[in-house]
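Single-letter residue listing:
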Amino acid sequence: MAKMEKITLNSDGGAPVEYYVLEQTRIGGVNYLLLSDVADGDGEALILKDISGDGEEEGTFVTITNDEELAAVAGVFENMLEDVMIES
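Sequence order as written defines residue numbering, which begins from 1 separately in each chain. Local features are withheld for residues below a pLDDT of 70 in this predicted model, meaning they are given only at 70 or higher, and side-chain atom pairs are given and counted only at 80 or more; totals for whole chains, interfaces and linings count all residues. The basis for the side-chain values is all heavy atoms of the structure; hydrogens and waters are excluded.

Enquirer: Quick one: what's the story with the pattern of salt bridges, residue by residue and with numbers?
Expert: Take a side-chain nitrogen of Lys or Arg and a carboxyl oxygen of Asp or Glu: if they are within 4 Å of each other, that pair is a salt bridge. Under the defined criterion, the tally for this structure stands at two salt bridges. Ionic pairing is found between Lys-6 and Glu-18, a salt bridge with its closest N-O pair at 3.1 Å. Remark: Glu-18 occurs in strand β2 (residues 16-27) and Lys-6 occurs in strand β1 (residues 6-10); sequence separation between them is 12 residues. Here Glu-69 makes a salt bridge to Lys-49, at a shortest N to O gap of 3.1 Å. The helix and strand labels rest on DSSP assignments: H or I over at least four residues marks a helix, E over at least two residues marks a strand, and numbering proceeds from the N terminus.

Dropping the structure here:
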């Protein structure tokens, strides 16, 4: 198994939190990341939307607040990863 990429996000309180990137996709010109707090096995999953501007060095990611958008993106990730089931 290839080594998973890790990214560090700043929590709301400013503390750094590391996540493993399980998958990424682009839908309608928008990038999405599927992250997990563990490298293997059951863990907490997080789907983030990239709202970075073109040419920005660091990405700006937000959680998806629209339930329809979240369900659609979660469905795409489930199809991409056969062994993943995302529960909301």
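After presenting the structure, the write-up continues.
Enquirer: Tell me what's going on with the environment of Leu-81, and back it up with residues and numbers.
Expert: As for its position among the elements, Leu-81 is in the segment after α1 (67-80). Taking the C-alpha atoms as reference points, Leu-81 and Leu-22, separated by 59 residues in sequence, lie 8.8 Å from one another. In this view, Leu-81 contacts Leu-22, Glu-23 and Leu-34; residues no more than four positions away in its chain are not counted. Contact criterion: two residues are considered in contact whenever any of their non-hydrogen atoms come within 4.5 Å of each other.

Enquirer: So, the nonpolar core: which residues are in play, and what are the values?
Expert: To define a nonpolar core, start from buried Ala, Val, Leu, Ile, Met, Phe, Trp, Tyr and Cys residues and group those joined through side-chain atoms within 4.5 Å. Only protein chains enter the calculation, and the probe is 1.4 Å; a residue is then buried if its accessible area is under 20% of its type maximum, exposed if over 50%, and partly exposed in between. The biggest cluster of nonpolar side chains holds eight residues, and these are Tyr-32, Leu-34, Ile-47, Ile-64, Val-73, Ala-74, Phe-77 and Leu-81. Counting only elements with at least two residues in this core, the list comes to β3 (30-36) and α1. Formed by seven residues, the second largest nonpolar core is a distinct cluster that contains Leu-9, Leu-33, Leu-35 and Leu-48.

Enquirer: Requested: an account of the sheet that holds β1, with residues and values cited.
Expert: One open sheet accounts for five strands, arranged β1-β2-β3-β4-β5; its pairing is antiparallel. Of all the strands in the sheet, just β1 and β5 (61-63) have a single pairing partner and so form its edges. When the angles between neighbouring strand axes are averaged without regard to direction, this sheet yields 45°. Only when DSSP finds a minimum of two bridges between them are two strands counted as paired. Summarising the sheet, β3 and strand β4 (residues 45-50) pair through five bridges and their orientation is antiparallel. Note that in β4 the partner of Leu-33 across the bridge is Leu-48. Axis definition: a line fit to C-alpha positions, over the contact stretch in the case of helices; interaxial angles, taken between N-to-C directions, run 0 to 180 degrees.

Enquirer: I'd love a proper account of the side chain of Ser-36, names of residues and values included.
Expert: Along the chain, Ser-36 turns up in strand β3. With a relative accessible area of 4%, Ser-36 lands in the buried category. Between N or O atoms, a polar contact is any pair within 3.5 Å; within protein, one atom must be a potential hydrogen donor and the other a potential acceptor, and residues adjacent in sequence are included only when both atoms are from side chains. Of note is the side chain of Ser-36, whose polar atom sits 3.1 Å from the backbone oxygen of Val-38.

Enquirer: Tell me what's going on with the pairing of β1, and back it up with residues and numbers.
Expert: The side-chain alternation of β1 yields one buried face, formed by Ile-7 and Leu-9, and one unburied face, formed by Lys-6, Thr-8 and Asn-10. Taken together, the five bridges between β1 and β2 define a ladder with antiparallel strand orientation. If you follow Asn-10 over to β2, its bridge partner there is Pro-16. Between β1 and the antiparallel strand that follows it, β2, lie five residues; Gly-14 among them carries a positive phi value of about 95°.

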